[in-house]
Amino acid sequence: MLDGKIPSGPIAQKWDNHKMDLKLVNPANKRKFTIIVVGTGLAGGSAAASLAELGYNVLNFCIQDSPRRAHSIAAQGGINAAKNYPNDGDSIHRLFYDTVKGGDYRAREANVYRLAQVSNNIIDQCVAQGVPFAREYGGYLDNRSFGGAQVSRTFYARGQTGQQLLLGAYSSLMRQVNTGKVKLFTRREMLDLVVVGGKARGIIVRNLVSGELERYSADAVVIATGGYGNVYYLSTNAKACNVTAAWRAYKKGAFFANPCFTQIHPTCIPVHGESQSKLTLMSESLRNDGRVWVPKAKDDKRKASEIPENERDYYLERKYPSFGNLVPRDVASRNSKEQCDLGKGVGETKLAVYLDFADAIKRVGENVIREKYGNLFQMYEKITASNPYKESMMIYPAIHYTMGGLWVDYNLMSNLEGLFVLGEANFSDHGANRLGASALMQGLADGYFVIPYTIGGYLAGTKFDKVDTENDAFKEAESQAGERAKKLLSVNGKRTVDSFHKELGLLLWDKCGMARNEKGLLEAKKRIPEIRAEFWENVKVTGNANELNQDLEKAGRVADFLEFAEVLVHDALIRTESCGGHFREESQTAENEAKRDDENFSHVSAWEFKGTEATPVLHKEPLVFENVKLTQRSYK
């Protein structure tokens, strides 16, 4: 049984009491400690800036050419906070409840409550940084609604919320770079974690420009490298998003929790061809004013504008009258798939549904809709050559976010001492389904308001031996990384890296996507090792290791995906319940809703590496619900 180190006492007081109990590092001693932060997105950038401002020496690593290009920039719709500015009944407890319920009761209560508590501080922090949140006519911050909530609590900057929040964190980060407290290393990819004496003490990175392998040592390591959605090949993630940093930590002893919990976002531009390499997200905020529908008749080939109102099925409004189009993402996604499976899908592939704004434009006018969503509509038109002011958008679910990640305790430290994991890279806050506008909230909460306290408690209470990059553990890790690159380059096969990635991704989407069953999961579990074996026998990686080599970069990431995918499928196979975005066809209600098995699966599944060809060992952290009642989710 895993110990989440959850503080005792009433849930509303746990975090405040815990902060008082944590040991402190005095200001003069902070400069004696060095902390590695891998990642410069909202979690990594805010953590690096905050830790440096406290006085620690920070080494910050970025896979892109600038921290501004971190994938957090792609978030569109908004960030949640329990400010209750609209005076519509919101509160910290309601945000906590909605998040636990939205995650289908598979998240740790204490972490979620803390997230709700610090959400208000995040807004104050970002406003102080100059983040241009949308405002009402009188100058007050505006809010809009998101799925899974009946209040308006989402702060936004049109469709560019992630970009604006990232620029706020970036400005704080670069201020610390200018003072010399942060040393920023761009175009570096973490290839391994270095563990000395049972503690995380450094990393091995590849300089993506020169190809050189580099060693860096520290007193603690923070991983904030995002999620693993690209294991599915087609996703809304940037192409550089990968599992490598987390997977390397897993292979060094960190547990990987709930890997099968992957989120399907219901509002994406549908797949349009076999050569496509990624998908484009259309913000969930569009469901505030857009209405989701399909034709009532099967295989209706008419244009949306040619189908009269009485021949349309607004199925979310029909099935879930209390929430309507603002049901959570997993519910909306499953219902879209269901309609397409019934033969009511639209577009050339018949794997799409409509999102229509005609009623909203008629109600408030095109100018108001343009002010709210203009850049999103423009993006949609550029990609599809269809004017969404005149024609219904076409949308379909796609892989978007990953709720699984490295296991962490309440302090955000993994079971591996000295390794802290923030944001999407950890598992902690979203259960089996993340509510919209909560990713940005978690990343900034972890970086600005949690890790500065908890890492200090670790550093103050730990005795450190002197470790530098000449330690044998660093030499061994660098050697292994180098040998791996040589092995990839030496195969000299006939298939491209992308062809293997695509085959793996399509297999996962078919067998472990929106709907899963035992037969399909067993087929995937058998097929993945076969693809992996062929990869190491027949992949073609051009160039060499001592230069800029994007083919080699991709090959390393796909090699890790091929190992990770097997654990993902194994986790899905073992979890024979449906919950949130993990829908087992064998476990559903009479109304085709997800049916949990609280008696057997009210726990976090954390997997321990035992070898690439061996079955990982399962460790369970029981989930105890003292403040919300376990019930079958209903949004009707």
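Residues numbered from 1 in each chain as written. Predicted model: local features only at pLDDT ≥ 70, side-chain atom pairs only at ≥ 80, totals over all residues. Heavy atoms only, no water.

1. Some points on empty space enclosed by the protein
Applying the stated criterion to the full structure yields five cavities of 30 Å³ or more. Space inside the largest cavity adds up to approximately 50 Å³. In terms of lining, the largest cavity is formed by Thr225, Gly226, Gly227, Tyr228, Asn242, Val243, Ala246, Phe256, Gly405, Leu406, Glu424 and Ala425. Taken together, the residues of the lining of the largest cavity break down into six nonpolar, five polar and one charged. (1 Å grid on protein atoms, 1.4 Å probe; cavity = no way out; pocket = protein on both sides within 12 Å on 5 of 7 lines; lining within 4 Å. Points joined across faces, edges and corners; volume = space filled by probe spheres on them. Nonpolar A, V, L, I, M, F, W, Y, C, P; charged D, E, K, R; others polar.)

2. Brief notes about helix H7 (residues 244-251)
With respect to burial, H7 is a largely interior element, seven of its eight residues being buried. Those residues of H7 that fall on the buried side of the exposure criterion are Thr244, Ala245, Ala246, Trp247, Arg248, Ala249 and Tyr250. Within two residues after H7, Gly253 carries a phi angle of roughly 125°, on the positive side. (Buried < 20%, exposed > 50% of the residue type's maximum accessible area, 1.4 Å probe, protein only. Helix = DSSP H or I, 4+ residues; strand = E, 2+ residues; numbered from the N terminus.)

3. Considering the domain arrangement of the chain
Partitioning the chain into domains gives domain 1 (264-400) and domain 2 (472-603). Contacts between domain 1 and domain 2 engage 13 residues on the former and 11 residues on the latter. Summing both partners gives a buried area of about 920 Å² for domain 1 against domain 2, and 59% of it is carried by carbon and sulfur. For domain 1, the biggest contributors to the area lost against domain 2 are Ile264, Arg334 and Lys337; these three give 51% of the whole. Where domain 1 touches domain 2, the interface holds one salt bridge. Here Arg334 makes a salt bridge to Glu593, at a shortest N to O gap of 3.7 Å. Summed over the shared surface of domain 1 and domain 2, the number is three residue pairs in polar contact (both at pLDDT 80 or more). Secondary structure elements with two or more residues in the side of domain 1 that touches domain 2: helix H9 (329-341) and strand E15 (393-402). (Domains from an automatic or database assignment. Contact = heavy atoms within 4.5 Å. Buried area = accessible area lost by both parts, 1.4 Å probe. Salt bridge = Lys/Arg side-chain N within 4 Å of Asp/Glu carboxyl O. Polar contact = N/O pair within 3.5 Å; in protein donor to acceptor, adjacent residues only side chain to side chain.)

4. Quick notes on the side chain of Asn111
As for its placement among the helices and strands, Asn111 is situated in helix H5 (residues 109-129). Among all residues touching Asn111, those that are not within four sequence positions of it are Asp409, Tyr410, Leu412, Ser428 and Asp429.

5. Comments concerning the pattern of salt bridges
Summed over the entire model, instances satisfying the criterion amount to 56 salt bridges. Where Asp98 meets Arg153, a salt bridge forms, and the shortest distance between an N and an O atom there is 3.0 Å. Of this pair, Asp98 sits in helix H4 (residues 92-102) while Arg153 is found in the loop between H5 and strand E4 (154-155), placing the two residues 55 residues apart along the sequence. Grouping residues by exposure puts Asp98 and Arg153 together as buried. The salt bridge involving Asp219 is made with Arg201; its shortest N-O contact spans 3.5 Å. Remark: Arg201 occurs in strand E7 (residues 199-207) and Asp219 occurs in the loop between strand E8 (213-217) and strand E9 (220-223); sequence separation between them is 18 residues. What emerges from the salt-bridge pattern is a single network uniting Asp104, Arg106, Asp330, Arg334, Arg575, Glu577, Glu593, Arg596, Asp598 and Arg633.

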